[in-house]
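Close look at the chain arrangement
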Amino acid sequence: MASNFTTENTVIVVFGASGDLAKKKTYPALFGLYRNKFLSRETHIVGYARSDIELEEFKKRIVSYLKFIPSERSLVDGFLEHLHYVSGQYDKDEPYQKLNQYLETLAADKPEMNRVFYMALPPSVFIPVAQHVKKNVYTTKGFNRLIVEKPFGKDFDSSKVLLNALGSCFKEEEIYRIDHYLGKEMVKNIMSLRFANVFLGAIWNREYIDNVQITFKEPFGTEGRGGYFDEFGIIRDVMQNHLLQILSLVAMESPASLDAEDIRSAKVDVLKFIEPITQDDILIGQYVGSEDGSKPGYLDDDTVPKGSNTPTYAVASMFVNNERWQGTPFILKCGKALNEQKAEIRIQFRDVENCIFPHHSRNELVIRVQPNEAVYMKITNKKPGLSMDTVISELDLSYRRRFSDMRIPEAYEALILDALQGDHSNFVRDDELDEAWRIFTPILHQIEGEHIEPLKYVYGSRGPEEAHQFIESHGFRRDRQEYIWVDDGHQRSK
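Reading guide: rules and limits
- Residues numbered from 1 in each chain as written.
- Predicted model: local features only at pLDDT ≥ 70, side-chain atom pairs only at ≥ 80, totals over all residues.
- Heavy atoms only, no water.
- Helix = DSSP H or I, 4+ residues; strand = E, 2+ residues; numbered from the N terminus.
- Buried < 20%, exposed > 50% of the residue type's maximum accessible area, 1.4 Å probe, protein only.
- Contact = heavy atoms within 4.5 Å.
- 1 Å grid on protein atoms, 1.4 Å probe; cavity = no way out; pocket = protein on both sides within 12 Å on 5 of 7 lines; lining within 4 Å.
- Points joined across faces, edges and corners; volume = space filled by probe spheres on them.
- Nonpolar A, V, L, I, M, F, W, Y, C, P; charged D, E, K, R; others polar.
- Core = buried A, V, L, I, M, F, W, Y, C linked by side-chain atoms within 4.5 Å.
- Pairing = 2+ DSSP bridges.
- Axes fitted to C-alpha atoms, helices over the stretch in contact; angles between N-to-C directions.
- Polar contact = N/O pair within 3.5 Å; in protein donor to acceptor, adjacent residues only side chain to side chain.
- pLDDT = per-residue confidence, 0-100.

**Let's talk about the overall build of the protein**
Along the backbone of the protein there are 16 helices and 17 strands. Counting all 494 residues of the protein, 54% fall into the buried class. Contacts in the protein between residues at least 24 apart in sequence constitute 77% of all its contacts with a sequence separation of at least 6.

**Topic: empty space enclosed by the protein**
Within this structure, the stated rule accounts for five cavities of 30 Å³ or more. There is about 80 Å³ of room inside the largest cavity. Along its surface, the largest cavity is lined by Phe 152, Asp 179, Gln 240, Asn 241, Leu 244, Gln 245, Ser 248, Leu 271, Val 428, Glu 432, Leu 433 and Ala 436. Listing elements by their share of the lining of the largest cavity, those giving two or more residues are α11 (233–251) and α15 (430–449). At five residues, α11 tops the list of elements feeding residues into the lining of the largest cavity. Here the residues of the lining of the largest cavity are counted per class, giving six nonpolar, four polar and two charged.

**Side note on the nonpolar core**
Phe 15, Tyr 27, Phe 79, Ile 235, Leu 247, Phe 330 and Ile 345 are the most contacted members of the largest nonpolar core, which totals 142 residues. The contact partners of Phe 15, leaving out residues within four places of it in the chain, are Tyr 48, Tyr 90, Tyr 96, Leu 99, Phe 117, Tyr 118, Met 119, Ala 120, Leu 121, Val 129 and Val 133.

**Overview of the sheet that holds strand β4 (residues 114–119)**
Read from one edge of the open sheet, six strands run β3-β2-β1-β4-β5-β6, paired in parallel fashion. A strand with exactly one partner marks an edge of an open sheet, and here the two such strands are β3 (83–87) and β6 (175–178). Geometrically, the sheet is characterised by an average inter-axis angle of 20° between neighbouring strands, direction not taken into account. Relative to β3, strand β2 (residues 44–49) runs parallel, the two sharing five bridges. Within β3, the position partnered with Val 46 by the bridge is His 84. Packed on one face of the sheet, helix α4 (residues 93–106) meets β1 (10–15), β2, β3 and β4 and runs near 170° to β2.

**Structural notes on the side chain of Ser 290**
Position of Ser 290 relative to the elements: it lies in the loop between β8 (282–288) and β9 (313–319). For Ser 290, a relative accessible area of 12% corresponds to the buried category. Side-chain polar atoms of Ser 290 contact the backbone nitrogen of Ser 294, separated by 3.2 Å. Within polar-contact distance, the side chain of Ser 290 engages the backbone nitrogen of Lys 295 at 2.9 Å. With sequence-adjacent residues up to four places away left out, Ser 290 is seen in contact with Lys 295, Val 458 and Tyr 459.

**Some remarks on the confidence of the model for the protein**
Predicted confidence across the protein gives a mean pLDDT of 86, with 89% of residues reaching 70 or more. Confidence drops under a pLDDT of 50 for residues 1–7, and excluding neighbours within four residues, the segment shows 15 contacts in the predicted structure.

In structure tokens form, the structure reads like this:
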């Protein structure tokens, strides 16, 4: 069913249109919305970048990143008809005035033309672009919306500078700060699981849950992008935003409604109960070359500063000090150059008191965010046969089986559609950003100021050996029996 987010009188301006983010994420997401009739066939998409490219050449570059089957070629051609391109600098008024004239031409026969500005740009130009847009391209004939990509600063102070600068140009309700993890299907599913299922809601507290692990793993390193990564590190790149966002959804109280502001207020309320992380609460690592020598270490990357102590791995434990969660550790774990690609939430329940079965393992609810979206509950089950021996099994909702006839949208598709519809539910509010940086800024400054050395781990391993001891010291207990989750005949994980 087509969306009613607006009339056909809308133009989407993609700043940084010739860059990797726009080509790999923004334009494919817009094509996905177009293909599924969530974009009006009259919507204009205007790319803006410094590169002086002819429109036809720009379209060829975009097509090479679109995923489609041969029978959809006419759809692709239709989508390309909606693309425009304007080149110009980011720090001068004149190019923006030229852009504004172009947008006015597109709206020549329309009483109004809404404008959505997507900043697929490096953070160094967020502020000047926002300022020039407000001065030269802001419309009074329709709504204006600004979509901003992370990172939102490097610490509390730089975040406030960015917030204040953007806030002086656009109202908070006009700003949409993208954390693409909030657009992932299984992250959006957390609220449904929690608040629409009585048996989960009843046990979602410290009385039954021993610990919560939120994990993000990548099987590749910086691969020549170390110079960019080194400026931020894994804590800023993944933990302070993606994983903390998931934590807030797992831990928050039921919002008053599905209204965006009610949901975002419930998330902020949770973060207020978390103390800033100290050195005792975190362990950091940095990968070295693989054992066979085929993969280089982080410091072997020529783009990484010599002797850098930037973490490529981190595991942290934090506590939500409220009535529901007091004493329950939330363990956040993320890293590059690890043994697999995986993002998941693992909720481990307490032991059965005085259990009559000697080798029972703890129940776990696992929400697999990617790859192969799934929700499964690990349970102890009688092993078929004449004995009373037990085995770990699962109650399994694998999306590939249960929803095989449905397409799961890409995160960027979902979030861009939300922004077009004016739904802030899955975007980061300014006070939420303040709380997130309050929690992480002290430890980031300590790591950098005291040059704390990260533990070394081998490319392709599970991370530093000390990390396993750290996690177990915070309550996580490994299965007493062998268990491997099997999805459609493929072994996945324990």
